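What follows is the residue order along each chain.
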Amino acid sequence: MTSENFTPLVELNVGGVHYSASLKTLRADEDSLLAEIFTGSAGDIEKDAKGRYFLDRDGVLFRYILDYLRDGTLTLPEGFRENDRLRREAEHFRLAGLLKCLQGLAEARPAGCITVGYRGSFQFGKDGLADVKFRKLSRILVCGRVALCRDVFGDTLNESRDPDHGGPDRYTSRFFLKHCFIEQAFDMLQEQGFRLAGSCGSGTAGAATELKPGVDVEENRWNHYNEFVFIRD
């Protein structure tokens with residue numbers, strides 16, 4: 001296949017997602033794999049049943065590849081969490097400029113501190129499984145600078161208890177997460193470059209003198225509260 005075989009408007013199927021792009025855009029970076037493909041240097045290209053050129057890559061992330069090729073810059077949506085996957089796509093397509101943009105975004109992330117806390121217990125098994133304990137969390141709390149918490153936790157952050165007063169530079173201790181998976185919260189912090197700086201825990205509650213109605217006596221013995229402090233330099 002030669003460069004003359006390509007029309008000015010190219011129809012693409014990237015991992016099942018359909019795109020239309022100009023030939024000029026696809027050739028914008030002369031050193032990229034896309035330029036090699038769409039000048040015919042890479043040989044024949046597979047097509048799908050509708051005649052669209054097929055690329056077996058991440059179809060959703062390819063939109064950012066095209067955005068970069070069109071403008072030479074990279075603008076990601078707020079709360080974007082797939083930087084590593086996008087970096088892998090940039091490496092595959094040999095887009096050195098896009099890799100530099102991603103590196104610049106990583107270096108521009110502000111330093112800060114976020115505290116994550118949770119109150120939990122161990123729920124005992126039933127019907128002959130009394131010795132089996134299951135961790136049960138009632139709520140995961142998030143404390144820190146509002147803009148930083150929103151950037152890290154995105155849509156998983158529940159802000160219903162903390163009305164937006166005072167602007168993004170304020171701090172809050174009233175955020176909590178919509179889920180109860182502490183490991184998911186840790187993963188999200190790690191993905192954003194945070195590291196664990198310290199933690200503390202209350203231990204178990206021991207024997208309670210008076211319980212609220214409906215509270216399981218044995219489960220109450222194992223109530224505990226833990227906090228974890230994460231920082232990003």
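Throughout what follows, the structure given in this document is the object of discussion. Bear in mind the structure is a predicted one, so any value in this text is a computation, not a measurement. (Residues numbered from 1 in each chain as written. Predicted model: local features only at pLDDT ≥ 70, side-chain atom pairs only at ≥ 80, totals over all residues. Heavy atoms only, no water.)

### A short note on the overall build of the chain
Part 1: Helix and strand content of the chain: 8 helices and 9 strands.
Part 2: For the chain, buried positions account for 36% of its 233 residues.
Part 3: Considering only contacts within the chain whose residues lie at least 6 apart along the sequence, 65% involve residues at least 24 apart.
Part 4: Accessible surface, the chain: about 13700 Å² in total, of which carbon and sulfur atoms supply 49%. (Helix = DSSP H or I, 4+ residues; strand = E, 2+ residues; numbered from the N terminus. Buried < 20%, exposed > 50% of the residue type's maximum accessible area, 1.4 Å probe, protein only. Contact = heavy atoms within 4.5 Å. Areas by Shrake-Rupley, 256 points an atom, 1.4 Å probe, with all protein chains shown as cover.)

### Describing helix 3 (residues 62-71)
Part 1: Taken together, the buried positions of helix 3 are Phe-62, Tyr-64, Ile-65, Leu-66, Tyr-68 and Leu-69.
Part 2: Taken from the residues just after helix 3, Gly-72 is the one with a positive phi, measuring 75°.

### Brief notes about helix 7 (residues 182-191)
Because each turn of an α-helix spans 3.6 residues, side chains separated by three or four positions end up pointing in the same direction.
Part 1: Restricting attention to buried positions, one finds in helix 7 the residues Ile-182, Ala-185, Met-188 and Leu-189. When helix 7 is viewed along its axis, its buried side chains cluster within an angular range of 120° and face the same direction.
Part 2: The first or second residue beyond helix 7 is Gly-193, which carries a positive phi of 85°. (Arc of directions from axis to C-beta.)

### Notes on the pairing of strand 1 (residues 9-14)
Part 1: The pairing of strand 1 with strand 2 (residues 17-22) spans 6 bridges and is classified as antiparallel. Its bridge partner being in strand 2, Val-10 is matched across the sheet by Ala-21.
Part 2: Connecting the antiparallel pair strand 1 and strand 2 is a turn made up of 2 residues, with Gly-15 showing a positive phi of about 55°.
Part 3: Two strands pair when backbone bridges link them, and strand 1 and strand 3 (residues 53-55) are joined in this way by 3 bridges, in the parallel orientation. Counterpart to Leu-12 in the pairing with strand 3 is Tyr-53. (Pairing = 2+ DSSP bridges.)

### Some details on the pattern of salt bridges
Part 1: Tallying each qualifying case throughout the model produces 9 salt bridges.
Part 2: Note that Arg-94 is salt-bridged to Glu-36, the shortest N-O span being 2.7 Å. Of this pair, Arg-94 sits in the loop between helix 4 (83-92) and helix 5 (96-107) while Glu-36 sits in helix 2 (residues 33-37), placing them 58 residues apart in sequence.
Part 3: On the basis of relative accessibility, which here comes to 39%, the residue Arg-94 falls in the partly exposed class.
Part 4: Through salt bridges with shared partners, a single network forms among Asp-58, Glu-82 and Arg-85. (Salt bridge = Lys/Arg side-chain N within 4 Å of Asp/Glu carboxyl O.)

### Examining the packing of aromatic side chains
Part 1: By the definition in use, this model includes 8 aromatic pairs.
Part 2: Residues Phe-186 and Phe-230 carry aromatic rings whose centres are separated by 5.4 Å and whose planes lie at 45° to one another, so their mutual orientation is tilted. Remark: Phe-230 occurs in strand 9 (residues 224-232) and Phe-186 occurs in helix 7; sequence separation between them is 44 residues.
Part 3: For Phe-186, a relative accessible area of 24% translates into the label partly exposed.
Part 4: An aromatic cluster of three or more residues is present, and its members are Tyr-118, Phe-186, Phe-228 and Phe-230. (Phe/Tyr/Trp six-rings, centres within 6.5 Å; stacked < 30°, edge-to-face > 60°.)

### Side note on the sheet that holds strand 1
Part 1: Strands sit in the order 2-1-3 across an open sheet of 3 strands; the sheet is mixed. In this open sheet, the two strands that pair with only one neighbour each are strand 2 and strand 3. The mean inter-strand angle of the sheet, taken between neighbouring strand axes irrespective of direction, is 30°.
Part 2: Along the sheet face, helix 3 touches strand 1, strand 2 and strand 3 and points at about 10° away from the line of strand 2. (Axes fitted to C-alpha atoms, helices over the stretch in contact; angles between N-to-C directions.)

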